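Residue-level listing of the chains:
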Amino acid sequence: MMTASRPSALVVDDEPDIRELLDLTLSRMGVDTCTAATLAEARRLLDQRTFQFCLTDMRLPDGNGIDLVRHIQRHHPALPVAMITAHGSMPTAIEALKAGAFDFVTKPVELQVLRELVHKALRVSAQSALRTGENGRLELLGDSSAMQAVRATITKLARSQAPVYISGESGTGKELAARLIHTQGPRAEAPFVPVNCGAIPTELMESELFGHKKGSFTGAVSDKEGLFQAANGGTLFLDEVADLPLHMQVKLLRAIQEKSVRPVGAQQETHVDVRILSATHKDLAALVRDGCFREDLYYRINVIELRLPALRERPEDIPQLVEWMLQRLASTWSCPLPRLEPEALHALQAYPFPGNVRELENILERAMTLCEGDTIRSADLRLPAAAPNTAAASAIATEVPAASQPLDPLLDAIEKEAILKALEQTRYNKTAAAKLLGISFRVLRYRLQKLGLK
């Protein structure tokens with residue numbers, strides 16, 4: 001019997017024993033159930049009642065569970081649905097995730113795994129019902145059609161538990177997108193653990209990811225928790241995943257498939273419940289073709305791909321980004337909001353931005369430091385000589401990652417020289433130097449700290 005005070009679930013399976021078992025198990029968890037043996041019956045119940053989540057078997061007399069997943073995506077998009085698959089049928093599970101299932105569980109169903117799945121499903125359902133307005137701190141700005149599509153996709157991906165591969169050039173906001181997927185989903189209260197795979201020394205990578213036991217190697221003076229364990233219950237974001245060496249790709253694949261890790265020096269594996277998000281600015285498919293990245297791992301982490309557009313593909317978003325960045329910088333530095341001359345804005349919209357949004361922010365930060373008064377002119381931007389924002393310029397810029405550009409060191413050197421000259425002219429009176437440079441004392445102090453000057 002359904003009650004108003006308890007959440008309800010739709011269980012779809014053609015085996016009476018399994019329906020009865022799931023009904024009993026969910027009831028003990030405080031969840032009421034309606035059961036169906038066919039697709040037709042499930043669709044009828046969905047039209048008649050409101051459920052908090054759905055659990056469906058793959059094989060049904062009049063179709064399969066993926067058909068039901070697609071039906072729910074079209075007609076009941078706020079309803080989370082999970083798939084019951086046969087043991088070892090990973091391709092089926094991946095197909096279900098791509099169709100819109102938020103998670104899957106394999107037969108025979110383990111009680112603890114089922115409990116975790118139910119709790120996640122109820123959190124997804126609650127957040128779908130209560131989410132109003134925008135996230136106050138994390139935003140991917142831009143009203144272009146490309147960014148509207150990205151935000152809509154993130155909302156859908158947040159409800160799923162499928163691994164997501166975020167592609168895009170350096171500086172497009174891949175980690176921000178990963179954080180949004182995490183914060184809008186059922187794991188929002190659990191840890192979000194980002195790790196730059198290219199920044200971990202090869203010899204320490206296994207220990208960093210999976211942990212180690214005391215005495216397992218020289219320097220292991222105590223047990224250490226790995227990043228997988230630190231992200232347990234939450235999300236592990238593997239940035240620059242293409243930089244993983246092949247031997248670690250094998251271990252990562254096993255950890256993802258088995259949902260368990262073995263710390264270095266340990267005899268037993270430890271169960272972990274993490275959602276995997278990954279990203280890289282490199283062409284991962286090309287690395288697979290070249291034998292530099294395992295094909296099986298590629299298809300495991302790339303269940304769903306989210307591509308972030310380059311800034312040159314959405315120049316109409318630049319005015320909004322500029323306004324937001326200048327307001328934030330002015331607030332941080334406690335100085336007046338500068339005005340950007342129209343010619344300067346036109347110059348920014350014509351520039352191809354090989355470093356994308358990150359480069360735009362750096363350019364505006366330097367322009368605020370070096371401009372006279374509170375007006376930023378084209379010359380203050382100090383844009384490097386570059387072709388206009390055309391397809392040819394875009395193609396050239398795509399081949400050169402932002403990290404290899406000489407712009408940052410060059411502008412740092414110019415800025416440092418200007419500040420040092422002002423300090424020398426004022427005999428290192430910082431208040432007078434700031435006045436000479438046309439900036440506030442707070443801005444000068446900030447720039448001195450960032451440039452490593454005392």
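Since this is a predicted model, take the numbers as computed values, not measurements.

Participant: Give a description of the sheet that holds strand E13 (residues 275-280) that names residues and reports values.
Facilitator: Across a sheet, paired strands are connected by hydrogen bonds in the backbone, their directions being either parallel or antiparallel. Taken together, the five strands give an open sheet; going across it, the order is E9-E10-E13-E8-E14, and neighbouring strands pair in parallel fashion. Of all the strands in the sheet, just strand E9 (192-196) and strand E14 (304-307) have a single pairing partner and so form its edges. Between one strand axis and the next, the sheet turns through 20 degrees on average, direction left out of account. As defined by bridge partners, E9 adjoins strand E10 (residues 235-239) across five bridges and the pair is classed as parallel. Bridge pairing in E10 places Val195 opposite Leu238.

Participant: Which residues make up the packing of aromatic side chains, and what are the values?
Facilitator: Overall, the coordinates contain four aromatic pairs when judged by the stated rule. With centroids separated by 5.2 Å and ring planes inclined at 70 degrees, the aromatic side chains of Tyr298 and Tyr299 adopt a geometry described as edge-to-face. For Tyr299, a relative accessible area of 49% translates into the label partly exposed. Plain terms: the ring middles of Tyr351 and Phe353 are 4.8 Å apart, the flat faces sit at 80 degrees to each other, and that makes the pair edge-to-face. Over the ring of Phe104 we find Lys259, and its NZ or CZ is 5.1 Å from the ring centre.

Participant: Quick one: what's the story with helix H20 (residues 441-450), residue by residue and with numbers?
Facilitator: Here H20 has its buried residues at Val443, Leu444, Arg447 and Leu448. Relative to the axis of H20, the buried residues are bounded by an arc of 135 degrees and lie together on one face. Note on H20: the residue one or two positions beyond its end, Gly452, has a positive phi of about 75 degrees.

Participant: Please set out the sheet that holds strand E3 (residues 53-57) residue by residue, giving values where relevant.
Facilitator: Read across the sheet, five strands follow the order E2-E1-E3-E6-E7 without closing on themselves; strand pairing throughout is parallel. This sheet does not close on itself; its edge strands, each paired only once, are strand E2 (32-36) and strand E7 (103-106). In this sheet, adjacent strand axes meet at a mean angle of 20 degrees when their direction is disregarded. Sheet topology note: the E3/strand E6 (residues 81-85) ladder contains four bridges and is parallel. When the sheet's bridge partners are listed, Leu55 is paired in E6 with Ala82. Each of strand E1 (8-12) and E2 touches helix H2 (residues 39-48); the most contacted strand, E2, lies at about 140 degrees to it. Most of the contacts of helix H4 (residues 90-99) go to E7, to which it runs at about 155 degrees, and overall it touches E6 and E7.

Participant: Explain the packing of helix H6 (residues 145-159) against helix H7 (residues 174-183) to me, and be specific about the residues and the numbers.
Facilitator: Contact geometry of H6 with H7 gives a least axis separation of 8 Å together with a crossing angle of 50 degrees. Relative to H7, the element H6 lies oblique. Read as a crossing pair, H6 and H7 show a hand that is right-handed. Contact residues: H6 offers Ile154, Leu157 and Ala158, while H7 offers Ala177, Leu180 and Ile181. Its residues placed into classes, the contact of H6 with H7 shows six nonpolar, no polar and no charged.

Participant: Give a detailed account of the packing of helix H19 (residues 430-437) against H20, specifying residues and quantitative values.
Facilitator: Their axes nearest at 9 Å, the elements H19 and H20 cross at an angle of 100 degrees. By the criterion of interaxial angle, the relationship of H19 to H20 is roughly perpendicular. Contacts between H19 and H20 involve Lys430, Thr431, Ala433, Ala434 and Leu437 from the former and Phe441, Leu444 and Leu448 from the latter. Of the residues assigned to the contact of H19 with H20, the class counts are six nonpolar, one polar and one charged.

Participant: So what's going on with the nonpolar core? Residues and values would help.
Facilitator: Counting 46 residues, the largest nonpolar core has Leu10, Ile166 and Leu306 as its most contacted members. The element that contributes the greatest number of residues to this core is H4, accounting for five residues. Each residue touching Leu306, except ones within four places of it in the same chain, is listed here: Val150, Thr153, Ile154, Leu157, Val164, Tyr165, Ile166, Ser167, Ala177 and Ile181. Ranked by size, the runner-up nonpolar core spans 37 residues in total, among them Leu381, Ala422, Leu451 and Leu453.

About the cut-offs
Residues numbered from 1 in each chain as written. Predicted model: local features only at pLDDT ≥ 70, side-chain atom pairs only at ≥ 80, totals over all residues. Heavy atoms only, no water. Pairing = 2+ DSSP bridges. Helix = DSSP H or I, 4+ residues; strand = E, 2+ residues; numbered from the N terminus. Axes fitted to C-alpha atoms, helices over the stretch in contact; angles between N-to-C directions. Phe/Tyr/Trp six-rings, centres within 6.5 Å; stacked < 30°, edge-to-face > 60°. Buried < 20%, exposed > 50% of the residue type's maximum accessible area, 1.4 Å probe, protein only. Lys NZ or Arg CZ within 6 Å of the ring centre and 35° of its normal. Arc of directions from axis to C-beta. Contact = heavy atoms within 4.5 Å. Parallel < 35°, antiparallel > 145°, perpendicular 65-115°, else oblique. Left-handed = near helix turned anticlockwise from the far one by under 90°. Nonpolar A, V, L, I, M, F, W, Y, C, P; charged D, E, K, R; others polar. Core = buried A, V, L, I, M, F, W, Y, C linked by side-chain atoms within 4.5 Å.

Any functional reading would require information beyond the geometric quantities listed.
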